Number of protein chains: 2
Amino acid sequence: MSLDKYLAALQHELNEYSYGNEPKELYEPITYLMNLGGKRLRPALVLMAYHLFKDDWQSALKPAMAIEVFHNFTLMHDDIMDEAPLRRGQPTVHIKWNRDVAILSGDVMLVAAYDLLAEAEAGNFKKIFKRFNRTAAEVCEGQQIDMNFEERGSVSEEEYITMIKLKTSVLLGFSLELGGRLAEQPEGVVNHLYDIGVNLGIGFQLKDDILDVYGDPEKFGKQVGGDIIENKKTWLMLKALEMSEPDSELHRWVAKESFDPEEKVKAVRAIFTDLGIKELAEQAMTAYFVKGFDGIAKLNVPVERKATLKAFADYLFDRDW
Amino acid sequence: MSLDKYLAALQHELNEYSYGNEPKELYEPITYLMNLGGKRLRPALVLMAYHLFKDDWQSALKPAMAIEVFHNFTLMHDDIMDEAPLRRGQPTVHIKWNRDVAILSGDVMLVAAYDLLAEAEAGNFKKIFKRFNRTAAEVCEGQQIDMNFEERGSVSEEEYITMIKLKTSVLLGFSLELGGRLAEQPEGVVNHLYDIGVNLGIGFQLKDDILDVYGDPEKFGKQVGGDIIENKKTWLMLKALEMSEPDSELHRWVAKESFDPEEKVKAVRAIFTDLGIKELAEQAMTAYFVKGFDGIAKLNVPVERKATLKAFADYLFDRDW
């Protein structure tokens, strides 16, 4: 079973699904955002985890979509908060329509995610539902903590990891857990799956931080250097600030209010390189991926059943997009 | 069983419930808004409907609270969209904190409402969940249609009733339905309860429109004349515009960009009174309440069991607050 087959089935379901029709200001933005694309990593994880244990993975498509719709709901609201003009190269909903449409259409997306989750056919539905609620609240907590970081002087590495765990990783963890729960696996197994997803998720976000600085502009999905331009407190920036004196060149670049963006990216990248930040970040990232790989190795299922998940984890580790 | 006992039990549960703690920007606004008060009509309806059939109404407290938390979530987001500075005489969340906090804290409130709903002990939980989803989406649809009305020249009475049905009444309908479903009543009964709630809800909103113009400022919870000042398309305004020539005094008041608010309220109220709008609005309102009362009369439960619901409907009909 290859990843492509999961993705094709997901895309088919997404194309067929109707979120609603009237009033169109409420429903068109949902279809618009969902059709902007994305790698569909999270629902693919749900299907892969389910397929570790059971063959009828198509029965998990609707709850898998719930995760993708939930993820896109967070994007619609985050884009308002971040005042982001573009998402995947296209105008964000609050720009193409307006703020109020983005708030309300996002709210309906969250309801739609719950409605897709309700299609789960497992007998342990209430447990799934409670765990989804906890995860959803944690994702919001992560977003709030991330916004709080912007107002703060220093942020420790530990605080940063906690934030990305909440904002990004718990949803990847829950995606694998959900697949296991839909396949009605015991608590020990679903918790193990969750931990794999969380570790891969933290590694995934650290990779994102690295690619922002060192990625290939032709391949990376976002603007390379975007985090540097915005003084975003990424793992690399926090580590570099920690290693620099308060009167260092790095601190001066961070404090500058007007600058040439290209020049700043080039200068900060050079400082990072001098400090050996890339290697440190790659070590940290690799450590989380290794925990994820170990977790997959220890999964008590026949090796051929976990080949796709293993390949998928490798693909996340190696990605340059 | 009196209404007060339900309300006291609800208040106790609301005081005890923890939505979460950290980060505080996410959770403090929830407690703040929930503690601003409100009549708790919706959760009271859940308990009353449950108690029509079963005595252990306390078992319905958590799902009843879900409705109240959901209602307050819509208030938090609506207040952003309406740019309302005050809610129940206190600063709204987006004013006291900021826009982003009001968006994200509202999102977590919606998740919290689902989490309370998950405490429902009924065997037909998935059906309850799906019906809640439908209702939640409809409330959002109503809010969007209401915002669309602001951009439009004319709105028909029928369109207006559809809008208030979605924005306000379906949640009152679902509150009664939920009580019936928690008590595991058949579809015919829960649909009958829903219709009672929807009719009472439309009557309730028309009463609100009337009180805005003719209410006692000492008793009415909002600013009397507020809708007139803002040219809000209420039932009374739509009907009066429909009955007036395009060059009438009413149209001139509506078109005026600068005016003395008190003078406008007084003048528009006088026009409404001349046109007999108050009586027409009361007739329309009464017709919906009568449908609700009839529905209660036809409920196939002993008359003493429905005394509280009947008294509550009378109280909504007679209210001047």
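## Remarks on the overall build of chain A
Here's step 1: Scanning chain A for helices and strands turns up 15 helices and 2 strands.
Here's step 2: Rg of the C-alpha trace for chain A: 20 Å, near the compact-globule value of 20 Å for 321 residues, within the 12% margin.
Here's step 3: If you line up chain A on its principal axes, its C-alpha atoms span 60 × 50 × 35 Å.
Here's step 4: With 321 residues in all, chain A has 48% of them scored as buried.
Here's step 5: Sequence separation of at least 24 residues holds for 72% of the intrachain contacts in chain A that already meet a minimum separation of 6.

## Looking at the interface of chain A and chain B
Here's step 1: At the junction of the two partners, chain A supplies 31 residues and chain B supplies 31 residues.
Here's step 2: Contributing elements (two or more residues each) for the side of chain A that touches chain B: α2 (24-34), α4 (61-81), α6 (99-117) and α7 (125-150) of chain A.
Here's step 3: Of all the elements, α7(A) adds the most residues to the side of chain A that touches chain B, at 14 residues.
Here's step 4: Broken down by class, the residue content of the side of chain A that touches chain B amounts to 18 nonpolar, 6 polar and 7 charged.

## Thoughts on the relation of the copies chain A and chain B
Here's step 1: When chain A is fitted to chain B, the residual RMSD is 0.0 Å, and the transformation amounts to a turn of 180° plus an axial shift of 0.0 Å. A rotation of that kind, with that shift, is consistent with a two-fold axis.

## Observations regarding unusual backbone geometry
Here's step 1: Between A:Glu22 and the following residue, A:Pro23, the backbone shows a cis peptide bond with an omega angle of -5°.
Here's step 2: Among the secondary structure elements, A:Pro23 is positioned in the loop between α1 (3-16) and α2.
Here's step 3: Positive phi, normally seen in glycine, also occurs at A:Arg88, with a value near 50°.
Here's step 4: Assignment of secondary structure puts A:Arg88 in the loop between β1 (86-87) and β2 (90-91).
Here's step 5: Judged by the 13 C-beta atoms lying within 10 Å of it, A:Arg88 falls in the partly exposed class.
Here's step 6: If you check the backbone angles, B:Asn231 has positive phi at about 55° while not being a glycine.
Here's step 7: Within the secondary structure, B:Asn231 is located in the loop between α10 (226-229) and α11 (235-242).
Here's step 8: We classify B:Asn231 as partly exposed; it has 15 C-beta atoms within 10 Å.

## Here we look at the packing of helix α2 (residues 24-34) of chain B against helix α6 (residues 99-117) of chain B
All names here are of chain B.
Here's step 1: Across the interface, α2 lies against α6 with an axial gap of 9 Å and an inter-helix angle of 70°. What the angle tells us is that α2 and α6 run roughly perpendicular. Crossing angle aside, the handedness with which α2 passes α6 is right-handed. Contact with α2, carried on its side by Glu25, Leu26, Pro29 and Ile30, involves Val101, Ala102, Leu104, Ser105, Val108, Met109 and Ala112 of α6 and no other residues of that element.
Here's step 2: Class assignment of the residues belonging to the contact of α2 with α6 gives a composition of 9 nonpolar, 1 polar and 1 charged.

## Re α4(A)
Residues and elements named next belong to chain A.
Here's step 1: Over its 21 residues, α4 extends 31 Å from the first C-alpha to the last, a length consistent with the 30 Å expected when each residue adds 1.5 Å.
Here's step 2: Buried residues dominate α4, accounting for 19 of its 21 residues.
Here's step 3: Positive backbone phi, at 50°, marks Glu83, one or two positions downstream of α4.

## Notes on the nonpolar core
Here's step 1: Of all hydrophobic cores here, the largest spans 190 residues; its most connected members are A:Ala113 and B:Ala113.
Here's step 2: Excluding anything up to four places from it in sequence, A:Ala113 contacts A:Ala66, A:Val69, A:Phe70 and A:Phe73.

## Considering the environment of A:Glu28
Here's step 1: Structurally, A:Glu28 is set in helix α2.
Here's step 2: Through-space distance from the C-alpha of A:Glu28 to that of A:Ser105 is 8.6 Å; in sequence the pair is 77 residues apart.

## Focus on the environment of A:Leu206
Residues and elements named next belong to chain A.
Here's step 1: Take Leu206: it is sitting in helix α9 (residues 187-214).
Here's step 2: Taking the C-alpha atoms as reference, Leu206 lies 32 Å from Lys54; in sequence the two are 152 residues apart.
Here's step 3: Not counting the four nearest positions on each side in its chain, Leu206 is found in contact with Trp235, Ala281, Ala284, Met285 and Tyr288.

## With respect to the confidence of the model for chain A
Should the pLDDT be low somewhere, the predicted coordinates at that spot are not to be read in detail.
Here's step 1: With 100% of its residues at a pLDDT of 70 or more, chain A has an overall mean of 95.
Here's step 2: In the predicted assembly, ipTM is 0.95 and pTM is 0.96.

## Concerning α2(A)
Here's step 1: For α2(A), the set of buried residues is A:Leu26, A:Tyr27, A:Pro29, A:Ile30 and A:Leu33. Viewed end-on, α2(A) has its buried residues packed into an arc of 160°, placing them on one side of the element.
Here's step 2: In this structure, the buried residues of α2(A) make contact with α4, α5 (93-96) and α6 of chain A together with α7 (125-150) of chain B.

## Notes on the environment of A:Gly197
Residues and elements named next belong to chain A.
Here's step 1: Note on placement: Gly197 falls in helix α9.
Here's step 2: Overall, the presence of 27 C-beta atoms within 10 Å leaves Gly197 in the buried class.
Here's step 3: A C-alpha to C-alpha distance of 29 Å links Gly197 and Glu230, two positions 33 residues apart in sequence.
Here's step 4: If we skip the residues at most four places from it in the chain, Gly197 touches Leu45, Leu172, Gly173, Ser175, Leu176 and Glu177.

Conventions and cut-offs
Residues numbered from 1 in each chain as written. Chains lettered and ligands numbered in written order. Predicted model: local features only at pLDDT ≥ 70, side-chain atom pairs only at ≥ 80, totals over all residues. Helix = DSSP H or I, 4+ residues; strand = E, 2+ residues; numbered from the N terminus. Rg over C-alpha atoms; globule rule 2.2 N^0.38 Å. Buried ≥ 20, exposed ≤ 12 C-beta atoms within 10 Å, placed from the backbone. Contact = placed C-beta atoms within 7 Å. Nonpolar A, V, L, I, M, F, W, Y, C, P; charged D, E, K, R; others polar. Least-squares fit on C-alpha atoms with pLDDT ≥ 70 in both. Axes fitted to C-alpha atoms, helices over the stretch in contact; angles between N-to-C directions. Parallel < 35°, antiparallel > 145°, perpendicular 65-115°, else oblique. Left-handed = near helix turned anticlockwise from the far one by under 90°. Expected span 1.5 Å × (residues − 1). Core = buried A, V, L, I, M, F, W, Y, C linked by C-beta atoms within 7 Å. pLDDT = per-residue confidence, 0-100. Arc of directions from axis to C-beta.

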